[in-house]
Amino acid sequence: MTPEPHSPTDTDDTRLGPPPGCPAHGTGPGGLRRLYGPEAEDLGAVYEKLRAEHGAVAPALLHQDVPIWVVLGHGENLHMVSSPSQFCKDSRLWTSMRDGTVEPDHPLMPYFAWQPICAHAEGDEHLRLRGAVTGAMSTIDHRGIRRHINRATQHLVNQFCEDGNADLVAEFAEHLPMAVICEILGMPEEYGDRLVQAARDCLKGTETAIASHAYLMEVLSRLAVRRRAQPQEDFTSHLVTHPAGLTDDEVREHLRVVLLASYETTANLLANVLRMVLTEPGFRAQLNGGQMTVPEAVEQSLWDEPPFSTVFAYFAKQETELGGQRIRKGDGLLFAPAPGNVDPRVRPDLKANMMGNRSHLAFGGGTHECPGQDIGRAIADVGVDALLTRVPDIQLACEEDELRWRSSIGNRHLVELPVRFTPKAQQDVAEQPAVNPSLRQRPNDWQVSFVPTPPTVPAPAVPVDEPTAAPAAAPVPEPAHRPGLFRRILRWWHGE
Ligand code: HEM
């Protein structure tokens, strides 16, 4: 934030620090609370102290004592993400980045550093990039996806069902999203331990993270090149051929964003829902008794433990006010679903069941709202339901207080979820049609369950058969079994 005398985040101005005896005293420079290090082991508690001290928007310190506002209020978070004229995600505007307060080796630099991806873009460029992503997503057959999620769940359960015990984090939650996303992207053959391990590495920043990232990018580049040469009926082909005309780099970067964003969040969501079902007796009873559905349990988890606790970051485009705080042009703000979802103004009773209410902040909001939320929800809904159906007597195999979490400012996830159950025989996972018609033979009753909506970007200024837009002009193979409706939609989609 801009250092100036009356800025509450002015780290040089100790006059603004709390008086001696104040609970905030002795934290970081200026008496500001740190969101990292030993003082922040329980970030939930830190957010509540900040709320009590400052209200809905609080000044705090990131690693290396970089000042940041944390948006704690539900309404204030929504206002920020829905006001693109006041706040944007372009870190090049951030005063702390421009004046060198954020050093190049800052541990959060991978999140801060501006990249040419929809998650950082604004205005027309955001429309163009996001339009290609949502356009490609709109071609996904959601019924086919649900069938694939069910099949992938059966396959994973087969790996451990005869043992009578499992770790649902390592053997289930960290695998199912990868199996599904590989299918959606059009690379089911790449799904396997190696890819799961590589994604884990990248996200956990282990010693092998750089090599794992290189491996992931190599896999995604190969896929993009193959689909550029010969588009098929999958997300990647639709991304490549979208009229927005993404470059090879843009295609690769967006495949990476989609793969990593969907993997980490959905793995967290699955683990959280399963933990909730296994440890909170009320949930299990309500599910068994039919008073609660799995989708409602998923929504409850999205309120209580949003997979992204905070998202880096929004930046003020002009001087403004938020939650009673004066925000300067160039200030950085953390979008914070975790404290926003427990704002006492919207949830006076945290134990109250939210009954499937979807107005939580787990998927963000405004122009950057998560475009993959239906897929994330479907993986959790179908995966949890199918798992509980296969092993209905599943129980936690340790004391609840033995469960361990790994926390960072961006998320908090279970390290393991050990369970036991009566050993079961494997179940036949019949090879059935999958999401990509070109990769699996579809039966005759296959039908389009999701009609694409028009792209959110305007039609390209150049005709699709211009050399610069060559991918869009590439002929789309039409498998003989594709029914007429789908062919008509494809023709419309390509402007024929
Ligand atoms: C439970 C699962 C998921 C959660 C909780 C989640 C959450 C989020 C959040 C909080 C954002 C940022 C919103 C903001 O910056 O204001 C986001 C953005 C995004 N998510 Fe998800 N997500 C999930 C699953 C997925 C899946 C399955 C996909 C793709 C298949 C996906 C693709 C994306 C993309 C591309 C963006 C960037 C959008 C933009 O900036 O315009 N997400 N997600």
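Computed from a predicted structure; not experimentally measured.

How each quantity is defined
- Residues numbered from 1 in each chain as written.
- Predicted model: local features only at pLDDT ≥ 70, side-chain atom pairs only at ≥ 80, totals over all residues.
- Helix = DSSP H or I, 4+ residues; strand = E, 2+ residues; numbered from the N terminus.
- Buried ≥ 20, exposed ≤ 12 C-beta atoms within 10 Å, placed from the backbone.
- Contact = placed C-beta atoms within 7 Å.
- Near = placed C-beta within 6 Å.
- Nonpolar A, V, L, I, M, F, W, Y, C, P; charged D, E, K, R; others polar.
- Pairing = 2+ DSSP bridges.

Undergrad: What exactly am I supposed to notice about the overall build of the protein here?
TA: When you go through the protein residue by residue, the secondary structure sums to 18 helices and 12 strands. A total of 496 residues make up the protein; the buried ones form 42% of that total. Within the protein, contacts between residues separated by at least 24 positions form 72% of all contacts whose residues are at least 6 apart in sequence.

Undergrad: How do you make sense of the site of the ligand when you look at a structure like this?
TA: Neighbouring the ligand are 27 residues, the closest being S262, G364, C370, G372 and G376. When residues of the shell around the ligand are traced back to their parent elements, those giving at least two are helix 5 (123-137), helix 12 (248-279) and helix 16 (373-390). At 7 residues, the largest contribution of residues to the shell around the ligand is made by helix 12. For the shell around the ligand, the class distribution of residues is 17 nonpolar, 8 polar and 2 charged.

Undergrad: Would you take a moment to explain the sheet that holds strand 12 (residues 418-420) for this structure?
TA: Hydrogen bonds between backbone atoms are what pair the strands of a sheet, whose relative direction is either parallel or antiparallel. Across the sheet, 3 strands lie side by side as 4-12-9; this open sheet has antiparallel pairing. Each having just a single partner strand, strand 4 (165-167) and strand 9 (395-396) make up the two edges of the open sheet. For strand 4 and strand 12, the ladder comprises 3 bridges, and the chain directions are antiparallel. Its bridge partner lying in strand 12, A166 is registered against V419.

Undergrad: Where do I start with the pairing of strand 2 (residues 66-71) in this structure?
TA: As a general feature of sheets, a regular strand has side chains that alternate between the two faces. In terms of burial, strand 2 is a largely internal element, 6 of the 6 residues being buried. Neither face of strand 2 is left uncovered, since the one carrying V66, I68 and V70 and the one carrying P67, W69 and V71 both have all their residues buried. Sheet analysis places strand 1 (residues 57-62) next to strand 2, joined by 6 bridges and oriented antiparallel. Considered in strand 2, the bridge of L62 is made with V66. The antiparallel pairing of strand 1 with strand 2 creates a hairpin that spans 3 residues between the two strands, and Q64 there sits at a positive phi of about 60 degrees. Here 2 bridges tie strand 2 to strand 8 (residues 332-335), and the two strands are oriented parallel to one another. Residue pairing across strands places W69 opposite L333, the latter belonging to strand 8.

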